[in-house]
Amino acid sequence: MKLSLDALVMLDAIDTTGSFAAAARALHRVPSALTHAVHRLEDDLGFAIFTRVGRRAVLTPAGRTLLADGRQLLAAADELECRARRVATGWEVELRIALNALIPFDTLLPLIAEFDAEQHGTRLRFDREVLAGSWDALTSGRADLVVGASGEALRDSSLVSHPLGEALLLFCHAPGHPLAALPDPLPLSAIRQHRAIVMADTTRALQARSTGLVSGQNMLIVPDFSAKLAAQIAGLGVGHLPPFLAQAAIDAGQLVSRQTEAGPVREPVHLAWRRTHDGHALQWFIKHLSTAHWRAALQVLPR
């Protein structure tokens, strides 16, 4: 075959990093060798894969088609490797864990260290998901385990979910925001008049959702909680934040936590995984994260 998995890895790295030089560094190869390999592949295939735009390497239409389908082959090959290793040893090559944005990553560091100390050889990969994106990560195969999948559990027989509890969200605004002039509890009619700062749902296939919004409220959509926090501190809008993120800003006087007539927002969160995945690393994390100790560490309240 003219096209190999190694060639697809090379093309993916060039497209992801944007240049031959950056891809060579990422792949620990000499840039000239990478350039030669691509030119040879283009000769073998009979069409150009990349064109140069300034200093960037940009896929041609044919190259884009090749890599789009090629990435599916790489994902399938990776999953095949993982399945084969699970059959042989029971331990996954890689465990992909998606953290809902409501879960603080820092609190998991001791658990990761404990897992590493046992030297099982499984590589851990963590990604962030927001709202319905947590469930979508499982159904699409982007994740093997989701910590803190939010909202009601997805009704899908291919998934298993265990409730962790509820994540508390604080309604906050900057001290100089117009809502500061109103007493608690803030009426929803007053909140509706001011823009909400919200994070984009990371789902790709499921129905996107939101939480804590007032019907008809204007929105500023931001990419993550760090951006949401910064925008609310800057007075660009209002919204709900988890205590682990908001408390330092509240203590510093940069934000004010308020009561609303709708009452506290408590978002149900779950541990969830695919029913067909039975690897030892997955079971290790499920066992530990299901304990009361780790539910408390993740700042999850009993439901």
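See above for the structure.
Conventions and cut-offs
Residue numbering note: each chain is counted from 1, following its sequence as written. Under the rules for a predicted model, residues below a pLDDT of 70 receive no local features and side-chain atom pairs below 80 are neither given nor counted, while totals for whole chains, interfaces and linings still include all residues. Calculation of side-chain values draws on the structure's entire complement of heavy atoms; hydrogens and water are dropped beforehand. Helix and strand labels come from DSSP, where a helix needs a run of H or I of at least four residues and a strand needs a run of E of at least two; each type is numbered from the N terminus. Buried residues are those whose accessible area, probed at 1.4 Å on protein chains only, stays under 20% of the maximum for their type, while exposed residues exceed 50% and partly exposed ones sit between those limits. Here a residue-residue contact requires only that any non-hydrogen atoms of the pair lie within 4.5 Å. Axis definition: a line fitted to C-alpha atoms, limited for helices to the stretch in contact. Angles are taken between N-to-C directions and run from 0 to 180 degrees. Any angle from 65 to 115 degrees is called roughly perpendicular, while one under 35 is roughly parallel, one over 145 is roughly antiparallel, and all others are oblique. Crossings are classed by handedness, with left-handed meaning an anticlockwise turn of the near helix from the far one by less than a right angle and right-handed meaning a clockwise turn. Following the grouping adopted for this structure description, the nonpolar residues are Ala, Val, Leu, Ile, Met, Phe, Trp, Tyr, Cys and Pro, the charged ones are Asp, Glu, Lys and Arg, and the polar ones are all others, Gly among them. Salt bridge, as applied in this entry: a Lys or Arg side-chain nitrogen positioned within 4 Å of an Asp or Glu carboxyl oxygen. When DSSP finds two or more bridges between two strands, those strands count as paired.

**With respect to the overall build of the protein**
Counting its secondary structure elements, the protein contains eleven helices and eleven strands. Judged by the C-alpha coordinates and their principal axes, the protein covers about 70 × 50 × 35 Å. Residues classed as buried in the protein amount to 45% of the 303 residues present. Across the protein, contacts joining residues at least 24 apart in sequence account for 71% of those joining residues at least 6 apart.

**Quick word on the packing of helix α1 (residues 5-17) against helix α2 (residues 20-27)**
Packing of α1 against α2 brings their axes to within 8 Å, and their N-to-C directions diverge by 125°. The angle between α1 and α2 places the two elements in the oblique class. Of the two elements, α1 crosses α2, and the hand of that crossing is right-handed. For the pair formed by α1 and α2, the contact residues are Val 9, Met 10, Ala 13, Ile 14 and Thr 17 on the first element and Phe 20, Ala 22, Ala 23 and Leu 27 on the second. Grouping the amino acids of the contact of α1 with α2 by side-chain chemistry returns eight nonpolar, one polar and no charged.

**As for unusual backbone geometry**
In this structure, the amide linkage connecting Asp 184 to the following residue, Pro 185, adopts the cis form with an omega of -10°. Along the chain, Pro 185 turns up in the loop between β6 (159-173) and α7 (188-191). The phi torsion at His 28 lies on the positive side, around 60°, for a residue other than glycine. Relative to the assigned elements, His 28 resides in the loop between α2 and α3 (31-45). Positioned with a positive phi, Leu 131 is a non-glycine residue whose angle comes to about 55°. As for its placement among the helices and strands, Leu 131 is situated in the loop between β4 (123-129) and α6 (133-140).

**Observations concerning the environment of Phe 171**
Tracing the backbone shows Phe 171 in strand β6. The class for Phe 171 is buried, based on a relative accessible area of 5%. Separated by 150 residues in the primary sequence, Phe 171 and Ala 21 have C-alpha atoms spaced 47 Å apart. Contact partners of Phe 171, with chain neighbours within four places excluded, come to Leu 179, Leu 186, Ile 191, Val 238, Gly 239, His 240, Val 256, Ser 257, Arg 258 and Thr 260.

**Remarks on the pattern of salt bridges**
All told, the structure shown has ten salt bridges when counted by the stated rule. Linking Glu 94 and Arg 123 is a salt bridge whose minimum nitrogen-to-oxygen distance equals 2.8 Å. On the criterion of sequence distance, the pair formed by Glu 94 in strand β3 (residues 94-100) and Arg 123 in strand β4 is long-range, its members being 29 residues apart. Judged by relative accessible area, which is 44%, Arg 123 ranks as partly exposed. Of the charged contacts, one joins Asp 144 and Arg 274 as a salt bridge, the two residues approaching to 3.4 Å between their closest N and O atoms. Residue Asp 144 is found in the loop between α6 and β5 (145-150), and its partner Arg 274 is found in strand β11 (residues 265-274); the two are separated by 130 residues along the sequence.

**Here's the deal with the environment of Arg 192**
Examined against the element boundaries, Arg 192 turns out to sit in the loop between α7 and β7 (196-199). Taking C-alpha positions, Arg 192 is 5.9 Å from Val 214, a pair spaced 22 residues apart along the chain. Those residues within four positions of Arg 192 in sequence are excluded, and the remaining contacts are Val 214, Ser 215, Gly 216 and Gln 217.

**Here we look at the pairing of β5**
Counting buried positions along β5 yields six of six residues, so the element is predominantly enclosed. As paired elements, β3 and β5 share three bridges and run parallel to each other. When the bridges of β5 are listed, Leu 99 appears paired with Val 147. Relative to β11, β5 runs antiparallel, the two being bridged by five bridges. Bridging across to β11, Ser 150 finds its partner in Val 269.

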